[in-house]
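Listed below, chain by chain, are the residues.
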Number of protein chains: 2
Amino acid sequence: MENYLVLLTFLGAMAALLFAVITAKKVMKFSEGTEKMAKISQSIRQGANAYLKRQYVVVSIFFAVMFVILGIMAFKGFVTVYVPFAFVTGGFFSALSGFVGMKIATASNARTANACREGLNKGLRIAFSAGSVMGFTVVGLGLLDISIWFALLKYVFKLAPASITGAMLTFGMGASSMALFARVGGGIFTKAADVGADLVGKVEAGIPEDDPRNPAVIADNVGDNVGDVAGMGADLYESYVGSILSAAALGVAAFNGKFEAMALPMILASLGVICSILGTFLVRTKEGASQKNLLKALSKGTNFSAILIAVVSYPVVYCVLGAQNFKMYFAILAGLIAGVLIGQATEYFTSDTYKPTRKLSDSSETGSATIIISGLSLGMLSTALPIIIIAICVLIAYFVSGGAADANMGLYGISLAAVGMLSTLGITLATDAYGPVADNAGGIAQMAELPEEVRERTDALDSLGNTTAATGKGFAIGSAALTALALMASYIDKVKGIENGAEEIANLSLMNPTVLIGLFIGACLPFVFAALTMESVGRAAQSVVKEVRRQFKEITGLMNGEADADYAKCVDLCTKSSLKEMILPTVVAVVVPVVVGLILGVTGVVGMLAGATVTGFLIAIFMSNSGGAWDNAKKYIESGVHGGKGSDSHKAAVVGDTVGDPFKDTAGPAINILIKLLSMVSIVFAALVVKFNIL
Amino acid sequence: MENYLVLLTFLGAMAALLFAVITAKKVMKFSEGTEKMAKISQSIRQGANAYLKRQYVVVSIFFAVMFVILGIMAFKGFVTVYVPFAFVTGGFFSALSGFVGMKIATASNARTANACREGLNKGLRIAFSAGSVMGFTVVGLGLLDISIWFALLKYVFKLAPASITGAMLTFGMGASSMALFARVGGGIFTKAADVGADLVGKVEAGIPEDDPRNPAVIADNVGDNVGDVAGMGADLYESYVGSILSAAALGVAAFNGKFEAMALPMILASLGVICSILGTFLVRTKEGASQKNLLKALSKGTNFSAILIAVVSYPVVYCVLGAQNFKMYFAILAGLIAGVLIGQATEYFTSDTYKPTRKLSDSSETGSATIIISGLSLGMLSTALPIIIIAICVLIAYFVSGGAADANMGLYGISLAAVGMLSTLGITLATDAYGPVADNAGGIAQMAELPEEVRERTDALDSLGNTTAATGKGFAIGSAALTALALMASYIDKVKGIENGAEEIANLSLMNPTVLIGLFIGACLPFVFAALTMESVGRAAQSVVKEVRRQFKEITGLMNGEADADYAKCVDLCTKSSLKEMILPTVVAVVVPVVVGLILGVTGVVGMLAGATVTGFLIAIFMSNSGGAWDNAKKYIESGVHGGKGSDSHKAAVVGDTVGDPFKDTAGPAINILIKLLSMVSIVFAALVVKFNIL
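A. Layout of the overall build of chain A. Helix and strand counts for chain A come out as 21 helices and 0 strands. Computed over the C-alpha atoms, the radius of gyration of chain A is 24 Å, within 12% of the 26 Å expected from 2.2 N^0.38 for a compact globule of 695 residues. For chain A, the spread of C-alpha atoms along the three principal axes comes to 75 × 50 × 45 Å. Per-residue burial over chain A gives 68% buried out of 695 residues. Within chain A, contacts between residues separated by at least 24 positions form 84% of all contacts whose residues are at least 6 apart in sequence. Just so you have it, chain A exposes about 21500 Å², and 63% of that area is on carbon and sulfur atoms. With 50 positive and 49 negative side-chain charges, chain A shows a spacing of 5 Å between the two charge centroids.

B. Geometry of the relation of the copies chain A and chain B. Mapping chain A onto chain B is achieved by rotating through 180° and translating by 0.0 Å along the same axis, at an RMSD of 0.0 Å. Here the symmetry operator amounts to a two-fold rotation axis. Relative to the rotation axis, the closest C-alpha in chain A is found at A:Ser509, a distance of 2.1 Å. Comparing contact sets, 100% of the residues at the interface of chain A also lie at the interface in chain B, consistent with an isologous, same-surface contact.

C. How the structure looks around the environment of B:Tyr434. Mapping B:Tyr434 onto the fold places it in helix H14 (residues 425-447). Beyond its immediate stretch of four places on either side in the chain, B:Tyr434 contacts B:Leu124, B:Ala127, B:Phe128, B:Gly131, B:Leu298, B:Leu461, B:Leu464, B:Gly465 and B:Thr468.

D. Layout of the confidence of the model for chain A. Here chain A averages 90 in pLDDT, and 99% of its residues register 70 or above. For this predicted complex, the interface confidence score (ipTM) comes to 0.93, while the overall pTM stands at 0.93.

E. How the structure looks around helix H4 (residues 120-156) of chain A. All names here are of chain A. Over its 37 residues, H4 extends 52 Å from the first C-alpha to the last, a length consistent with the 54 Å expected when each residue adds 1.5 Å. The buried fraction of H4 is high, at 29 of 37 residues. Where H4 ends, the next residue or the one after it, Lys158, has phi of about 50°, a positive value.

F. Expanded view of unusual backbone geometry. All names here are of chain B. A positive phi angle, close to 50°, is found at Lys158, a residue other than glycine. Considering the arrangement of structural elements, one finds Lys158 in the loop between helix H4 (120-156) and helix H5 (161-205). On the basis of relative accessibility, which here comes to 64%, the residue Lys158 falls in the exposed class. Residue Asn500 is not a glycine yet carries a positive backbone phi of 70°. Residue placement: Asn500 occurs in the loop between helix H15 (452-496) and helix H16 (501-504). Look at Asn500 and you get partly exposed, because its relative accessible area is 44%.

G. Local environment of the packing of aromatic side chains. Applying the stated rule across the entire model yields 50 aromatic pairs over all chains. For the pair A:Phe19 and A:Phe281, a centre-to-centre distance of 6.0 Å together with 80° between the ring planes defines the contact as edge-to-face. Taken together, the residues A:Phe19 in helix H1 (residues 2-28) and A:Phe281 in the loop between helix H7 (259-280) and helix H8 (291-321) connect sequence positions 262 residues apart. A relative accessible area of 14% means that A:Phe19 is categorised as buried. Residues B:Phe19 and B:Phe136 carry aromatic rings whose centres are separated by 4.9 Å and whose planes lie at 75° to one another, so their mutual orientation is edge-to-face. You can see B:Phe19 sitting in helix H1 (residues 2-28) and its partner B:Phe136 sitting in helix H4, a full 117 residues away along the chain.

About the cut-offs
All residue numbers refer to position in the chain's written sequence, counted from 1. Note on labels: chains are lettered from A, ligands numbered from 1, in written order. Residues qualify for local features only when their pLDDT is at least 70, as the model is predicted, and side-chain atom pairs are given and counted only at 80 or more; totals for whole chains, interfaces and linings, by contrast, use all residues. The basis for every side-chain value is the complete set of non-hydrogen atoms in the structure, without hydrogens or water. Counting from the N terminus, the helices are DSSP H or I runs at least four residues long and the strands are E runs at least two residues long. We take the radius of gyration over the C-alpha atoms and set the globule estimate at 2.2 Å times the residue count to the 0.38 power. Summary of the burial criterion: residues with accessible area below 20% of their type's maximum are buried, those above 50% are exposed, and those between are partly exposed, where the area comes from a 1.4 Å probe applied to protein chains only. Contacts: residue pairs with any heavy atoms within 4.5 Å of one another. For the accessible areas, the method is Shrake-Rupley and the probe is 1.4 Å, while residue cover comes only from the protein chains on display. Just so you know, the count uses Lys and Arg for positive and Asp and Glu for negative, and it drops His and the chain ends. We put the charge of a Lys on NZ, of an Arg on CZ, of an Asp on CG and of a Glu on CD. What sets the superposition is a least-squares fit of C-alpha atoms, and only residues with pLDDT of at least 70 in both copies go into it. Confidence scores here are pLDDT values: one per residue, from the predictor, ranging 0 to 100. For a helix, the expected span equals 1.5 Å multiplied by the number of residues minus one. Two rings from Phe, Tyr or Trp (for Trp, the six-membered ring) form a pair when their centres are within 6.5 Å of each other. A pair whose planes differ by under 30 degrees is stacked, one over 60 is edge-to-face, and the rest are tilted.

In structure tokens, the structure reads:
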């Protein structure tokens, strides 16, 4: 049976990749529209390509350095010889996920805009197909990487299960490092361009969004692709493989190396691929559909996939783990439901159809200060519900899996909840990734001066994207918390297997001062990280503002359309500053766990991981929800309430939205990756820390 | 020797109170100035009095309910019979501290303004004396309450040391509850009035700050007294007794009921009183002194007191604990130094003489959105240094006290560090409490139309108050974290003494799911609490805005000075809304620990306390420092840079300052109290939770 289970994972990977290729080919058959549209799309493509190429150059230096460090550690016996290679492939596949996503997104933006000239349904189909290509590429590459390494370590190098999962967690570290670079770099790029374009273009010069006279307009659209697409692709690749690998590792610990327990998360993921593919066929809508109908069309697909996986995983768990362990199924179910509920909580706090965002828009009446205060408190208050949902999910997952009798079983249950939550990532990511494509299509419609109705259609798609993005974030944040907890357990497990490790990690009580201090330091990291990334956005935006002001001043004839803006200069500026700014936060994330470990020892590291997971979860929700609510409050005012566009209320709401931009698109999502990367780094450097720590 | 030690505490209390009375009499001898000044001061006094009286009515209902609940619990044997009474006296003395502070502050504001007509030095002396009255009343009442209860329980009821400290911790809970009401209610009052006055007066009507035509101007000045004075008094009373009581309780645990270990924190506090009194005599400055000299004058006093207590506590520890335990001294020293360092870190991040606030003011050039983003990231980044300082302090305190061999000794060391940090509270609070007096004096100078130079002098005093407030906050936040840790240890200790308690609390490992979930829930509380208080400020401010607008519209002749504004209406409005709004946050703080305990059990409670302490510490620093930096960035711009008053940069900075107001004066300081109240409530309800919890 063992060999069949490995094959199943591989087949899941193939199914996902095949579906992605077929869908991509379908998308490419559509026309890019007028020559002007094709030209604009071409500029965006070139900018995004150029950015990613230069990002990969910078990142590869980091990977080369880490490869050498891990190589030396392997030579000294602190890690196995597979670790440096696993690290690099994890990074490679994560980068590839982002790259493919960017390729298809930049190829689909003009096609979506053109399809919107014909009708809303056609536009939705193309944008959603582009999102699907991205979603299934991510899960396909994830499963491919897992199955190749798995087969290699099992059949070629003939390692024991514990060594297999140990080596494979390293490629999680590679994936997480790459994801952090992509999220932070892309996030800084996109928000610097966005804030820069808005501050000078909209506020100072008074020209509309996406106006071709704005020199930062192409950079803004490039940003959507390198941040919201390539960054998100790398990010979710990391989440996906992280949850599967940590569950596999904990399965080995819980079932004393039983192969089936290690394979279960991979099998669930493969089944999730099939369920997701089936779900995509349900996404279609009638012409002239309202926004509500559009949302229904998307929900039909995701809900169908979720229910399907919930149904089929029952017999699977029963067969794979045996009758006496079928209760693990309820852990998976708890994860699946928790993901949906967190998504709904996010939607409640950030959508303008509910009270919180409506009340937020009311507070714009008394100016920008009050909308900022209200938005911050909305975000802070919105942390309570997800915390309770995750708490209940963890409790259920732990106790139904038999954690009361055997803690390892309980921890395996928690990790399976994370796998359950992400099992239908193919389709949830598709609904998420389609947003930036629609956003870009809107930009092209505006720049190519297409009729008003086209822009209205792309706006409808875009606005829907905000809601699905909220749901997607629910899954991303929820799974990050569960996976981080699972990785923490994997870390402890790993340390126990190291010489002297078991003694060192014996006292994990909160009354142990090293644990407590680790907790304080870990809890502080998301704050510092958020601060660093927000400051980076500020600095990068500042430079864009100056450049746009300069062009408005120096290029004669720009404002009346007689001369072209120098778009490339702004793209180049964003590229340079975001690449420069992304380095420090990532290095902090890699260095701190090692330093904390060397000073406080392994108990300090566990404290740090717990602290970072808990506040990271809170800060990520706080920032995402504040940002999302400000964005939608602004859109709600633009729909005509509180004086509509151009009113004082609207100006106040624009300030809120601008503050929210780095919140929701740079700092917030990067923290999800941070909390997992910290664990991965700790795991890889565990042996070193056990040997050389001071306290 | 035992009896002498108790007497020493009582003498310390008497010395502090006597010094407060003498200083108050000295202040009262000065003239209130012109009739107009006296009349304005009178209005402020009446408003503050009226507010406090109504606040006490509301609070006494809460205390009555709690008294009944605790009475029933005592009847059922869950708490001792002293607990309900201790609870009420704690609340009473805390309220009294705030009340006395408010009395002297409202009596000194016009006197300070009048003294400033003669010169800066005289103004400083009166304002500082008023602050001293408050500072020494707080410590005097704290020590008085402690020594009376101590004598009562020891000599009249003849309880064993463990029972004494157990009962006495309950009056900590009373003090904390009262402090939370005072801080939250006062904080909402002051910021609602401030924001309301600024938004309509300064921004909409374009009249200067403290202009008598502004209907909210008296409410604004009343707010300084009920928030920054009465609220702070109750708050620091709570910190002070909390640190002493938790140290006493841990001393009993560490030294197996040895009386001296219980008495040491009280003796240190008494010595601190003497050192502080001596320090106050050094606070004076030459006429025409620069702001730097003023600051030097204050620092001379606080530094002298700190060094003195550092010197004298060495022989004291040696004598009281014996030669074999003299190392505890270094724990005290670590606390003292950590307090100073956190204060300096706070000053670095919030004073406009350093880079961070200067850079923040630069970001006002690109508008309110960028100054908000930069201010938020400044606050978040500023958490790192205090975290590291506290981490090192905890490590030193734990290990020098012998925590490696006996955890109880280490925990006692941590609690002594908190006592060390707060030992010179008399003088640090004096330098802190003098700020609002100077602020009020400025308001009176403006309203009474005193010459420009008087206002300049009060402004110099006020601006200095911002810096000393920052230092004071360093002590308040740092000691809150240490005290909360000590209380957590006391809680565990308490549970171990309850039937079945020892088993229930055996597994405090971070891998225990109830601990982990408690951690998540606890970490979320400061976020929720901050959100609730900020929303309250928003709502209350909204109502003030409407009332001020109404008066401007309906009272004819108000703008050209022909008619008087209806000040009382605004005061009444602020009173009503702040009293209404203060209830929910406090009830949350009291109810949540009990509910969490009943569901998750005692391990869940410990997790919750750790989570709340850690994120509470972070959020309190973040919010205080962001708020302080925005305030000073605005003042820096008003000094003439970036276009000065009235420029676009200034407008952006005003938005920052308005957002910062509820940050630094409502939510931030209240969280310090919250984290201790949670522990106190948990301790009091421990027996109930052990018996009835579900998991």
